[in-house]
Amino acid sequence: MAGRRAPFGGARSRRLFAGSVMAAFGGVSAVLQFVGQLWPEAIPGPAPVAAASVLLCLAWAVARSRPTVSVHQEFARPRMTVGVAPGDLFEESAHLVVGFCDTFDTDVSDGVVISGESVQGQLLERRYEGDVRRLDEELDAALGGAVPVATEARRDKPYGKLDRYPVGTVAVLGSRPRLVFGVAYSRLGNDCVARSSTEELWLSLGRVWDAVYRHGQLDRVAVPLIGSGLSRLHGLDEESLLRLILLSFITHSRERVICRELRVVLRPAELERVDLAEVAAFLRVLAAADGGGAG
């Protein structure tokens, strides 16, 4: 396991820093009292002791509180790599996973149906240069073999598309070496509010890995923190969502090799709310369960 650490910063790091300082002061005080009782001559004057104690405690707290900003874990069976790091999803040299709603809506005008700030909105802007028609044409072709489970009336759904596909439907867009696996993991209500659940997300992730297995040719895959946006998946926080994505991928990889490398790409705001040191430990346990893992 390898974990890269960042400079000190962020609310989580500040809390850890303060706690580490207090713990270090307590430890140093206990040691000084013990040594002072047994060998009083070994303790120099109070000023040097105080200065040395402060420096030691601060150094310890800084080392402890620098947050882990990337995680890299290798698995032996199957042989693959799982990583978590901040970054720009659309700069990744990999196949991408992008979440959609069950209507595969694409309209970002005024942000009524789809937010332009969402990963899906960024897909339209970054991969399709804002050309909604081209994206819709690729979606129609990719969904040609899928059967809608319902069709809304325009009076009931005033905005966007009307056909609804089963949650878990995957539309494979683009071409190799950078395919986009668009997965419907949420239901877009007629009020233009997307809603999902833990069960629907787990199902959808499984369908994504199936599609990656069929079309990805074992190439690298990058995935955002699906479910952390506007899908109203309030039962899980960011770290729980991350663990769910990792567990889903590793569980399905034990049945067959999906890809050689998975990278979960976090936005800066998401990174602040995820303890990657804990995530690293989580991945270590899963790697050990497979018979060992190297970092």
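The paragraphs below set out a description of the structure included in this document. Everything quoted here is computed from the prediction, not taken from an experiment.

Examining the side chain of Glu238
Part 1 of the reasoning: The topology assignment puts Glu238 in helix 6 (residues 238-253).
Part 2 of the reasoning: In this structure Glu238 touches Leu225, Ser228, Arg273 and Val274, once residues within four positions along its chain are discounted.

Focus on the environment of Leu203
Part 1 of the reasoning: Residue position: Leu203 is located in helix 5 (residues 198-215).
Part 2 of the reasoning: Residues Leu203 and Tyr185 lie 18 residues apart in sequence; the distance between their C-alpha atoms is 8.1 Å.

Some thoughts on unusual backbone geometry
Part 1 of the reasoning: At the junction of Arg77 and Pro78, the peptide bond is cis and its omega measures out at -5° in the coordinates.
Part 2 of the reasoning: Inspection of the secondary structure assignment puts Pro78 in the loop between strand 2 (68-75) and strand 3 (80-86).
Part 3 of the reasoning: Look at Gln217: it is not a glycine, yet its phi comes out positive at around 55°.
Part 4 of the reasoning: Structurally, Gln217 can be placed in the loop between helix 5 and strand 10 (221-223).
Part 5 of the reasoning: Looking at Gln217, the relative accessible area reads 53%, which means it is exposed.
Part 6 of the reasoning: Even without being a glycine, Leu218 presents a positive backbone phi close to 65°.

Observations regarding the packing of helix 5 against helix 6
Describing two packed helices takes the angle between their axes plus the distance from one axis to the other.
Part 1 of the reasoning: With their axes 10 Å apart at the nearest point, helix 5 and helix 6 run at an angle of 40° to one another. One finds that helix 5 runs oblique with respect to helix 6. Remark: the crossing between helix 5 and helix 6 carries right-handed chirality. Packed against helix 5, whose contacting residues are Thr198, Leu201, Trp202, Leu205, Gly206 and Trp209, the element helix 6 presents Leu241, Leu244, Ile245, Leu247, Ser248, Phe249, Thr251 and His252 at the interface.
Part 2 of the reasoning: When grouped by side-chain class, the residues that make up the contact of helix 5 with helix 6 number nine nonpolar, five polar and no charged.

Examining the side chain of Thr103
Part 1 of the reasoning: If you trace the backbone, Thr103 turns up in the loop between strand 4 (95-101) and helix 3 (119-127).
Part 2 of the reasoning: Judged by relative accessible area, which is 1%, Thr103 ranks as buried.
Part 3 of the reasoning: Engagement of the side chain of Thr103 in a polar contact is seen with the side chain of Asp105, the distance being 2.5 Å.
Part 4 of the reasoning: Here Thr103 is in contact with Lys157, Lys161, Asp163, Arg164 and Leu188, once residues within four sequence places are set aside.

Describing the packing of helix 6 against helix 8 (residues 276-289)
Part 1 of the reasoning: Relative to each other, helix 6 and helix 8 sit at 20°, their axes nearing to 11 Å. Regarding the angle of helix 6 to helix 8, the classification is roughly parallel. The crossing of helix 6 and helix 8 is right-handed. Every residue of helix 8 that contacts helix 6 at Glu239, Leu242, Arg243, Leu246, Leu247 and Ile250 is listed here: Leu276, Glu278, Val279, Phe282, Leu283 and Leu286.
Part 2 of the reasoning: Tallied by class, the residues present in the contact of helix 6 with helix 8 amount to nine nonpolar, no polar and three charged.

As for the pairing of strand 8 (residues 180-188)
Part 1 of the reasoning: Most of strand 8 sits inside the fold, with eight of its nine residues counted as buried.
Part 2 of the reasoning: In terms of strand pairing, strand 4 meets strand 8 through six bridges, oriented parallel. Bridge pairing in strand 8 places Gly99 opposite Val183.
Part 3 of the reasoning: In terms of strand pairing, strand 7 (residues 170-173) meets strand 8 through four bridges, oriented antiparallel. The partner of Val170 across the bridge, within strand 8, is Val183.
Part 4 of the reasoning: Hairpin connection from strand 8 to strand 9 (residues 194-195): five residues lie between these consecutive antiparallel strands, with Cys192 at a positive phi of about 65°.

Some thoughts on the environment of Tyr165
Part 1 of the reasoning: Tracing the chain through its elements places Tyr165 in the loop between strand 6 (163-164) and strand 7.
Part 2 of the reasoning: A relative accessible area of 11% means that Tyr165 is categorised as buried.
Part 3 of the reasoning: Separated by 19 residues in the primary sequence, Tyr165 and Ala184 have C-alpha atoms spaced 7.8 Å apart.

Some details on the packing of aromatic side chains
Part 1 of the reasoning: Scanning the entire structure with this criterion turns up three aromatic pairs.
Part 2 of the reasoning: Note on Phe100 and Phe104: the rings are 5.4 Å apart at their centroids and 35° apart in plane angle, and the pair reads as tilted. As far as the burial class goes, Phe100 and Phe104 line up, both buried.
Part 3 of the reasoning: Ring geometry for Trp209 against Phe249: centres 5.2 Å apart, planes inclined by 75°, an arrangement best described as edge-to-face. Here the residue Trp209 occupies a position in helix 5, and Phe249 occupies one in helix 6, the gap between them amounting to 40 residues. Note on accessibility: Trp209 and Phe249 belong to one class, buried.
Part 4 of the reasoning: Members of the aromatic cluster, joined through ring pairs, are Phe100, Phe104 and Tyr165.

Quick notes on the rules
- Residue positions within a chain follow its written sequence, with the count starting from 1.
- For a predicted model such as this one, the threshold for reporting local features is a pLDDT of at least 70, and the threshold for listing and counting side-chain atom pairs is 80 or more; totals across whole chains, interfaces and linings nevertheless cover every residue.
- To obtain the side-chain values, all non-hydrogen atoms of the structure were included, while hydrogens and water were left out.
- Only DSSP runs of H or I covering at least 4 residues are called helices, and only runs of E covering at least 2 are called strands; the numbering of each starts at the N terminus.
- For this analysis, residues touch if any pair of their heavy atoms sits within 4.5 Å.
- Note on exposure labels: buried denotes an accessible area under 20% of the residue type's maximum, exposed denotes more than 50%, and partly exposed covers the range between, all computed with a 1.4 Å probe on protein chains only.
- Geometry is summarised by axes, namely lines fitted to C-alpha atoms with helices restricted to the contacting stretch, and by angles between N-to-C directions that run from 0 to 180 degrees.
- Roughly parallel refers to an angle under 35 degrees, roughly antiparallel to one over 145, roughly perpendicular to one between 65 and 115, and oblique to any angle outside these ranges.
- Crossing handedness is defined as follows: a turn of the near helix away from the far one that is anticlockwise and smaller than a right angle gives a left-handed crossing, while the clockwise case is right-handed.
- In this classification, the charged set is Asp, Glu, Lys and Arg, the nonpolar set is Ala, Val, Leu, Ile, Met, Phe, Trp, Tyr, Cys and Pro, and all remaining amino acids, among them Gly, are polar.
- What qualifies as a polar contact is a pair of N or O atoms within 3.5 Å, subject to a donor-acceptor requirement within protein and to the restriction that residues adjacent in sequence count only when both atoms come from side chains.
- Two strands qualify as a pair provided DSSP detects at least 2 bridges between them.
- The rule is short: rings of Phe, Tyr and Trp, with Trp giving its six-membered ring, pair when the centres are within 6.5 Å, and they are stacked under 30 degrees, edge-to-face over 60, tilted in between.

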